[in-house]
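Residue strings, one per chain:
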Amino acid sequence: MKIGIVGCAGRMGRMLMEAVMDAEGCALSGGSERPESDFIGRDPGEMLGRRPLGIGITADSRALFAASDAVIDFTAPSATLAHALIAAELGKVLVVGTTGLSKEDEARLAEAGRRVPVVYAPNFSVGVNLLMALTERAAAILGTDYDIDIVEMHHRHKVDAPSGTALGLGRAAAKGRNVALDSVWCKSRDGQTGARPRGEIGFATLRGGDVVGDHTVMFAADGERVELTHKASSRAVFAKGAVRAARWAAGQSAGLYSMRDVLGL
Ligand code: NAD
């Protein structure tokens, strides 16, 4: 299976190229970057300190899609939307890990999902997706006597908050309670907030250092507290999960899928 990586010189892009090269039965069809990137024309293999692949990083995403069975995109929302149009037009599998997409952006991704298989997940680690399933179940069992807050920490370079994973955990908790997340969420607290409303799902964001991604879902009641925690110590887990998603999606019909679909959770 030929897999291409858009945004291949990014923190995740590099990990994704390595994960594709290391996956059995997969070959890296190439990588793309922004036209102004210093990496245009460089050999991805050499860039990673491996054997040269004899191809150069391109600014032409369309050509990369044409040369691939599937493309993995961990870039930025505007780039991801442009790539979704190309995937739909050329009939290619698309795996999206970009976070910070608005509801309208997600609707446009779903449009692409009507034409080709698209896997979209705020977090591709197996452990986090298990955490999502556990969060939904715990929220359903514990009910609104238990206040839910989601605490997350990421490295200082992260540009969106709360993290896409934290929002995904919030959605899982809301689903367990049969409510819409945006009707009960509190994304940050500051000043005279008043007492906590019953049923609220809160978020707290920490940023600093090189933290890859820590998430805790806290269920706090009178007399006890349940905490479900996941800590990622290497970005490689996201890359491996995304490659697994690409291979799974190649056997599916058109649709917008999540990592929970890929894992059968
Ligand atoms: P990064 O800034 O290091 O990398 C993004 C790369 O995309 C950059 O190299 C940039 O030049 C490139 N890019 C932007 N627009 C492009 C375009 N039009 N064509 C080609 N390349 C383009 O960021 P990062 O830390 O690698 O994270 C990227 C995204 O992935 C973020 O949204 C982040 O939150 C998300 N992320 C998701 C997961 C997950 O499991 N879903 C895990 C980690 C990060």
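Along each chain, numbering runs from 1 in the same order as the chain's sequence is written. The model is predicted, so local features are restricted to residues of pLDDT at least 70 and side-chain atom pairs to those at 80 or more, both for listing and for counting; the totals for chains, interfaces and linings are taken over all residues. To get the side-chain values, all heavy atoms of the structure are used, and hydrogens and water are removed first.

Colleague: What's the story with the packing of helix α6 (residues 126-142) against helix α7 (residues 164-176) in this structure? I'm lost.
Modeller: To describe two helices that pack against each other, one gives the angle between their axes and the distance between the axes. Each axis is a line fitted through C-alpha atoms, taken for helices only over the stretch in contact, and angles between the N-to-C directions span 0 to 180 degrees. What counts as a helix is a DSSP run of H or I of at least four residues, what counts as a strand is a run of E of at least two, and both are numbered from the N terminus. Direction vectors running N to C along α6 and α7 enclose 30°, while the axes themselves pass 7 Å from each other. Of the two elements, α6 crosses α7, and the hand of that crossing is right-handed. On the side of α6, the interface is formed by V128, L131, M132, T135, E136, A139 and A140, while α7 contributes T165, G168, L169, A172, A173, K175 and G176. Crossing chirality is assigned from the near helix's rotation relative to the far helix, an anticlockwise turn below a right angle marking it left-handed and a clockwise turn marking it right-handed. Contacts are assigned to residue pairs with any non-hydrogen atoms lying within 4.5 Å of each other.

Colleague: So what exactly am I meant to see when it comes to the sheet that holds strand β6 (residues 147-154) here?
Modeller: Sheets are built from strands paired through backbone hydrogen bonds, the pairs being either parallel or antiparallel. Two strands qualify as a pair provided DSSP detects at least 2 bridges between them. In space, the 5 strands of this open sheet follow the order β7-β8-β6-β9-β10, with mixed pairing throughout. Every interior strand has two partners, whereas the edge strands, β7 (185-186) and β10 (224-232), have only one. Note that β6 and strand β8 (residues 201-207) share 7 bridges and pair parallel. The residue of β8 that forms the bridge with H154 is R207. In this fold α7 packs onto β6, β7, β8 and β9 (213-221), with an angle of close to 165° to the strand it touches most, β8.

Colleague: Mind showing me how you'd approach the domain arrangement of the chain here?
Modeller: Interface size is often expressed as the accessible area that is lost when the parts come together. Under the domain assignment, the chain is made up of domain 1 (2-120 + 235-263) and domain 2 (126-232). Contacts between the two partners involve 10 residues from domain 1 and, on the opposite side, 14 residues from domain 2. When residues of domain 1 are sorted by the area they lose upon contact with domain 2, T99, R235 and R260 head the list and together hold 47% of the total. By convention in these notes, a salt bridge is any Lys or Arg side-chain nitrogen within 4 Å of a carboxyl oxygen on Asp or Glu. The interface formed by domain 1 and domain 2 holds 2 salt bridges in total. Between D182 and K103 there is a salt bridge whose closest N-O contact spans 2.8 Å. In the analysis that follows, any N or O atom pair within 3.5 Å is treated as a polar contact, provided that within protein one partner can donate a hydrogen and the other can accept it, and provided that, for residues neighboring in sequence, both atoms belong to side chains. Across the domain 1-domain 2 interface, the total number found is 4 residue pairs in polar contact (both at pLDDT 80 or more). Elements supplying a minimum of two residues to the side of domain 1 that touches domain 2: α9 (236-249) and α10 (259-263). Considering every element that reaches the side of domain 1 that touches domain 2, the biggest residue donor is α10, with 3 residues. Here the nonpolar group is Ala, Val, Leu, Ile, Met, Phe, Trp, Tyr, Cys and Pro; Asp, Glu, Lys and Arg are the charged ones; every other residue, Gly included, is treated as polar. Of the residues that constitute the side of domain 1 that touches domain 2, the class distribution is 3 nonpolar, 2 polar and 5 charged. Domain start and stop positions are those given by an automatic or database domain assignment. As used here, buried area is the combined drop in accessible area, with a 1.4 Å probe, of two parts when they are placed together.

Colleague: Can you help me understand the sheet that holds strand β3 (residues 70-73) in this one?
Modeller: Read from one edge to the other, the open sheet built from 6 strands follows the order β2-β1-β3-β4-β5-β11, with strand pairing classed as parallel. In this open sheet, the two strands that pair with only one neighbour each are β2 (27-32) and β11 (255-257). For this sheet the average axis-to-axis angle between neighbouring strands, irrespective of direction, equals 20°. Of the strand pairs in this sheet, strand β4 (residues 93-96) and strand β5 (residues 117-120) are connected by 3 bridges, and their pairing is parallel. Each bridged residue has a counterpart across the sheet, and for V95 the counterpart in β5 is V119. Along the sheet, helix α4 (residues 77-90) contacts β1 (2-6), β3 and β4; its crossing angle with β4, the most-contacted strand, is approximately 165°.

Colleague: Any chance you could explain the layout of surface pockets here in plain terms?
Modeller: If a probe as big as a water molecule is rolled over the atoms, it shows which places are left empty. A 1.4 Å probe that fits but cannot get out identifies a cavity on a 1 Å grid over protein atoms alone, an open set with protein on both sides within 12 Å along at least five of seven lines counts as a pocket, and a residue lines either if it has an atom within 4 Å of a point. Grid points are joined across faces, edges and corners, and a volume is the space filled by probe spheres set on the points. Its boundaries defined by the atoms lining it, the largest pocket holds a volume of some 1,000 Å³. Together, 42 residues line the largest pocket, and R11, M12, F74, T75 and A76 are the ones closest to its centre. Among the secondary structure elements, those contributing two or more residues to the lining of the largest pocket are α1 (11-22), α4 and α7. Residue classes in the lining of the largest pocket are distributed as 16 nonpolar, 19 polar and 7 charged. In terms of domain composition, the lining of the largest pocket takes at least three residues from each of domain 1 (2-120 + 235-263) and domain 2 (126-232). Roughly 910 Å³ of volume is contained in the second largest pocket. The wall of the second largest pocket is formed by 34 residues, among which E106, Y120, L167, G168 and R171 lie closest to the centre. Looking at the lining of the second largest pocket, the elements with two or more residues in it are α5 (103-113), α6, α7, α8 (181-184), β11 and α10. Formed jointly, the lining of the second largest pocket draws a minimum of three residues from each of two domains, domain 1 (2-120 + 235-263) and domain 2 (126-232).

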